[in-house]
Amino acid sequence: MRNVVLLGPPGAGKGTIAVRVAEALGLLHLSTGEVLRDEVARGTELGKLAQAFMGRGELVPDDVVLAMVRDRVRDQPGVLLDGFPRTLAQAEGLAGFLRVDAVVDLVVTKDEVVRRLGNRRVCSACGAVYNLVTQRPRVEGKCDRCGGALVQRPDDAPEVVARRYEVYERDSRPLVDYYARQGLLRSVDGARPPDRVAADVVALLRS
Ligand code: AMP
């Protein structure tokens, strides 16, 4: 299995699952959200442009994200795309430079998404992800791995989460049908502990 796309609403667990699956299958994990957050943190031109969209829960323009992905997948033997494509235009653009071999849709309800994102905390130093209900840090407010301060992502604030979900429904959900029509789609129940979800995805992609 060479190139895999991971779909699912914000809060479906794409990032957590992608890290494990990419490691198990030896794929490059490419999260466009992570790349963009890094650009914002470094204050680059791209970061400045992206920040305005991200802060409102809107999507960064297609051409910007497509160029970013095209640069990073060049000459890679296999990639796991997390958070990309997010629009039909991005999927069509992607098809011009990368063959997609499989698409996994993580299925999670809206209620579960809202609950997860409200409780999500991330390490401001190393990016590790926690959940105040299901995956608490050992010491409150501190990262288990590096001791960094745990913070809420600005776009996990309730009003931004609501907007991100609307944008997902409008722009990204159509990708489920788009890839189903190509016979590439596999759906996985994402409302279970990450180890089980990741194991299912790995098994599916190996079969
Ligand atoms: P994520 O970490 O995947 O939830 O992405 C965080 C934010 O980054 C999104 O709400 C968008 O503003 C932006 N973003 C990430 N991936 C994309 C993409 N493929 N297209 C447009 N915007 C994106």
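Our subject is the structure that appears above.
Here we summarise the structure given alongside this text.

1. Here we look at the nonpolar core
Working step 1: Counting residues in hydrophobic clusters, the biggest one holds 27 residues, and the most contacted among them are Val5, Leu7, Leu81, Leu94, Val103 and Tyr179.
Working step 2: Secondary structure elements with two or more residues in this core: β1 (4–7), α2 (32–42), α3 (45–56), α4 (62–73), β3 (79–82), α5 (88–95) and α8 (174–181).
Working step 3: Residue contributions to this core peak at 5 residues, all from α4.
Working step 4: In contact with Leu81, other than residues within four places in its own chain, are Val4, Val5, Leu6, Leu30, Val69, Val73, Leu94 and Leu98.
Working step 5: Ala12, Val21, Leu27 and Val197 belong to the second-largest nonpolar core, a separate cluster that totals 24 residues.

2. Points about the site of the ligand
Working step 1: The environment of the ligand is made up of 16 residues, and the closest members are Thr32, Arg37, Glu58, Gly83 and Gln90.
Working step 2: Within the backbone of Val60, a nitrogen or oxygen atom sits 3.1 Å from a nitrogen atom of the ligand.
Working step 3: One of the backbone nitrogen or oxygen atoms of Gly83 is found 2.9 Å away from a nitrogen atom of the ligand.
Working step 4: Considering every element that reaches the shell around the ligand, the biggest residue donor is α2, with 4 residues.
Working step 5: Here the residues of the shell around the ligand sort into 6 nonpolar, 4 polar and 6 charged.

3. Digging into helix α7 (residues 158–172)
Working step 1: Taking 1.5 Å as the rise per residue, α7 with 15 residues should run 21 Å; its terminal C-alpha atoms sit 20 Å apart, in good agreement.
Working step 2: Of the positions making up α7, those classed as buried are Val160, Val161, Arg164, Tyr165, Val167, Tyr168, Asp171 and Ser172. Along the axis of α7, the buried positions cluster into a sector of 165°, meaning they face one direction only. Across from the buried face of α7, at angles greater than 90 degrees, the exposed residues are Pro158, Glu159 and Arg170.
Working step 3: Contacts from the buried residues of α7 go to α3, α5, α6 (110–119), β5 (120–123) and α8.

Rules of the game
Residues numbered from 1 in each chain as written. Predicted model: local features only at pLDDT ≥ 70, side-chain atom pairs only at ≥ 80, totals over all residues. Heavy atoms only, no water. Core = buried A, V, L, I, M, F, W, Y, C linked by side-chain atoms within 4.5 Å. Buried < 20%, exposed > 50% of the residue type's maximum accessible area, 1.4 Å probe, protein only. Helix = DSSP H or I, 4+ residues; strand = E, 2+ residues; numbered from the N terminus. Contact = heavy atoms within 4.5 Å. Near = heavy atom within 4 Å. Polar contact = N/O pair within 3.5 Å; in protein donor to acceptor, adjacent residues only side chain to side chain. Nonpolar A, V, L, I, M, F, W, Y, C, P; charged D, E, K, R; others polar. Expected span 1.5 Å × (residues − 1). Arc of directions from axis to C-beta.

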